Amino acid sequence: MGTLDEFRRLGADVRNWGRWGDDDELGTLNFIDAEKVAEAASLVRHGRVFALGVDFSSAGPQGAFAFRQNPVHVMTVDGGDVTTLARYGVGWSRNLAAHQLGEFFTDNPFRFNDDMIVMPLQAATQWDALSHVYYDDLLYNGFPAGSVTSLGAYHCGIDKVDAKGITSRGVLLDLVAHRGAQTFLEHGTPITPDELDRVAASQGVTVGRGDIVLVRTGWWSRFLSTGDGAELGAGLDWSCAAWLHDHQVAAVAADNLMVEDPVSGVEGTYLPMHMLCLRDMGMMLGEYWDFQALAADCAADGVYEFQLVAPPLRVTGAVGSPVNPIAIK
């Protein structure tokens, strides 16, 4: 168990503030340059596509946290409205929506359906923006935490990624296969930097500048069988922040709910790796990704690198974003 003093020393060691200028809001995504994007594209050999996103539905992983719920999907126009609104809607001038829909559906063959969704932006497969987590009243690169207002994040919002995008070489580190686990890595056995090195070596893959590291713990497979979004599993130990920093990784994502181990390895604080990655390094975290099909393919052909395309939605001032990442081999 580490101390807060040790945590702060590691924070100072991995901090990238000013590395790409005082106004930078991209953090380690700066490691992804044109050459890296071209390298990632060159990894596509067979055209096999793997969707790494999970369902955004009422059966999703949220609900265990009172402040974050599963998506609510609502139909605003459907086939049941056609006959009724064609009969009553046109004359219902006090109800503008009914009136307009009635005009659409009267005396012509045109029909349509519409819907909407209400959800936290981090309800399922997602990116954490750099403004999502902070400490000592400062965001990444020293921006004030107060710049995140009730109307959104002025600094380090997910929209700042729009021009950069997130496309790079992806590397899957399959901890489930490495440990010989049948389903997932049970809680109480956090993933260490040394173990990441051993997994990469056993898979014959290297991790370097600008890569996006995907860590398979098996948690999502477990959730699909139990439906228990609150079940704890293993994640990255907080010391892995130094490993990610030393390898100049652009971003890291996992198939579990927090990327890091859910019980803090630092006395007196919660989710220390979130603070080290998002606030100190400027490294985005991806959560609730699905690596099942990708892992099976990597095991079959022995190739654990691929092109990864995972741009967030351009939600102005948001501190996170849904994403449907795509791996291409």
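Structure shown above.
Residues take numbers from 1 onward in each chain, read along the sequence in its written order. Confidence filtering applies because this is a predicted model: local features only for residues at pLDDT of at least 70, side-chain atom pairs given and counted only at 80 or more, and all residues used for totals across whole chains, interfaces and linings. The side-chain values count all of the structure's non-hydrogen atoms but skip hydrogen atoms and water molecules.

Peer 1: Hey, could you run me through the pattern of salt bridges in this one?
Peer 2: When their charged atoms lie close together, side chains carrying opposite charge are able to pair. Basic side-chain nitrogens of Lys or Arg form a salt bridge, by our definition, when they fall within 4 Å of a carboxyl oxygen of Asp or Glu. Applying the stated criterion across every chain yields a total of 17 salt bridges. Between Arg 8 and Asp 136 there is a salt bridge, and its shortest N-O distance comes to 2.7 Å. On the criterion of sequence distance, the pair formed by Arg 8 in helix H1 (residues 4-14) and Asp 136 in the loop between strand E4 (126-128) and strand E5 (148-149) is long-range, its members being 128 residues apart. Taking relative accessible area as the criterion, Asp 136 reaches 45% and is therefore assigned partly exposed. Here Glu 231 makes a salt bridge to Arg 222, at a shortest N to O gap of 3.1 Å. With a 1.4 Å probe rolled over the protein chains alone, any residue whose accessible area is under 20% of its type maximum counts as buried; one over 50% counts as exposed, and the rest are partly exposed. Classification of Arg 222 as partly exposed rests on a relative accessible area of 29%. Only DSSP runs of H or I covering at least 4 residues are called helices, and only runs of E covering at least 2 are called strands; the numbering of each starts at the N terminus.

Peer 1: What am I meant to see in the nonpolar core here?
Peer 2: Among buried residues, the Ala, Val, Leu, Ile, Met, Phe, Trp, Tyr and Cys ones that are joined through side-chain atoms within 4.5 Å form a nonpolar core. Grouped together as the largest cluster of nonpolar side chains are 72 residues, with contacts concentrated most on Trp 127, Leu 173, Leu 214 and Trp 289. A total of six residues in this core trace back to one element, the largest contributor, which is helix H9 (residues 272-281). Listed in part, the nine residues of the second largest apolar core include Val 54, Trp 219, Met 258 and Tyr 288.

Peer 1: Before we go on, may I ask you to explain the side chain of Asp 237 in this structure?
Peer 2: Summarising the element assignment, Asp 237 is placed in the loop between helix H7 (219-226) and helix H8 (240-246). The contact criterion used is simple: two residues touch if any of their non-hydrogen atoms lie within 4.5 Å. In contact with Asp 237, other than residues within four places in its own chain, are Pro 190, Ile 191 and Met 273.

Peer 1: Can you walk me through the packing of aromatic side chains in this structure?
Peer 2: When we look at a pair of aromatic rings, we describe it by the centre distance and by the angle of the planes. Centres within 6.5 Å make a pair out of two Phe, Tyr or Trp rings, where for Trp the six-membered ring is used; the pair is then stacked when the planes are under 30 degrees apart, edge-to-face when over 60, and tilted otherwise. If you walk through the whole model with that rule in mind, you get twelve aromatic pairs. An angle of 85° between the planes, with centres 5.2 Å apart, marks the rings of Trp 20 and Phe 31 as edge-to-face. Of this pair, Trp 20 sits in the loop between H1 and helix H2 (34-42) while Phe 31 sits in the loop between H1 and H2, and the two are eleven residues apart along the sequence. Judged by relative accessible area, Trp 20 falls into the partly exposed class, the value being 25%. A cation over an aromatic ring shows up here: Arg 15 above the ring of Trp 17, its NZ or CZ 5.1 Å from the ring centre. Note on geometry: a ring has a charge over it if NZ (lysine) or CZ (arginine) is within 6 Å of the ring centre and within 35 degrees of the ring normal. The ring of Tyr 154 carries the charged tip of Lys 160 above its face, separated from the ring centre by 5.9 Å.

Peer 1: Before we go on, may I ask you to explain the packing of helix H3 (residues 81-88) against helix H4 (residues 96-105) in this structure?
Peer 2: Packed helices, taken two at a time, are described by their axes: the angle between them and the distance between them. Packing of H3 against H4 brings their axes to within 8 Å, and their N-to-C directions diverge by 100°. With respect to each other, H3 and H4 are oriented roughly perpendicular. Where H3 approaches H4, its residues Asp 81, Val 82, Leu 85 and Ala 86 are matched on the opposing element by Ala 98, Leu 101, Gly 102 and Phe 105. For this scheme, ten residues count as nonpolar: Ala, Val, Leu, Ile, Met, Phe, Trp, Tyr, Cys and Pro. Four count as charged, namely Asp, Glu, Lys and Arg, and the remainder, Gly too, count as polar. In terms of residue class, the contact of H3 with H4 is made up of six nonpolar, one polar and one charged. As a rule, the C-alpha atoms of each element are fitted with a line to give its axis, helices using only the stretch in contact, and angles between N-to-C directions run from 0 to 180 degrees. Angles below 35 degrees are treated as roughly parallel, those above 145 as roughly antiparallel, those between 65 and 115 as roughly perpendicular, and all remaining angles as oblique.

Peer 1: So what exactly am I meant to see when it comes to the pairing of strand E7 (residues 167-174) here?
Peer 2: For a regular strand, side-chain orientation follows a simple rule: the groups alternate between the two sheet faces. For E7, the buried fraction is high: seven of the eight residues fall into the buried class. A pair of strands counts as paired when DSSP detects no fewer than two bridges linking them. Two elements, E7 and strand E11 (residues 305-309), share five bridges in a ladder whose sense is antiparallel. What sits directly across from Thr 167, in E11, is Val 309. Relative to strand E8 (residues 212-216), E7 runs parallel, the two sharing five bridges.

Peer 1: Can you walk me through the packing of H1 against H9 in this structure?
Peer 2: Across the interface, H1 lies against H9 with an axial gap of 9 Å and an inter-helix angle of 30°. Between H1 and H9, the interaxial angle falls into the category roughly parallel. Of the two possible hands of crossing, H1 and H9 adopt the one that is right-handed. Along its contact with H1, which presents Phe 7, Leu 10, Gly 11 and Val 14, the element H9 presents Pro 272, Met 275, Leu 276, Asp 280 and Met 281. Here the contact of H1 with H9 is composed, by residue class, of seven nonpolar, one polar and one charged. Helix crossings are classified by the rotation of the near helix relative to the far one: an anticlockwise turn of less than a right angle makes the crossing left-handed, while a clockwise turn makes it right-handed.

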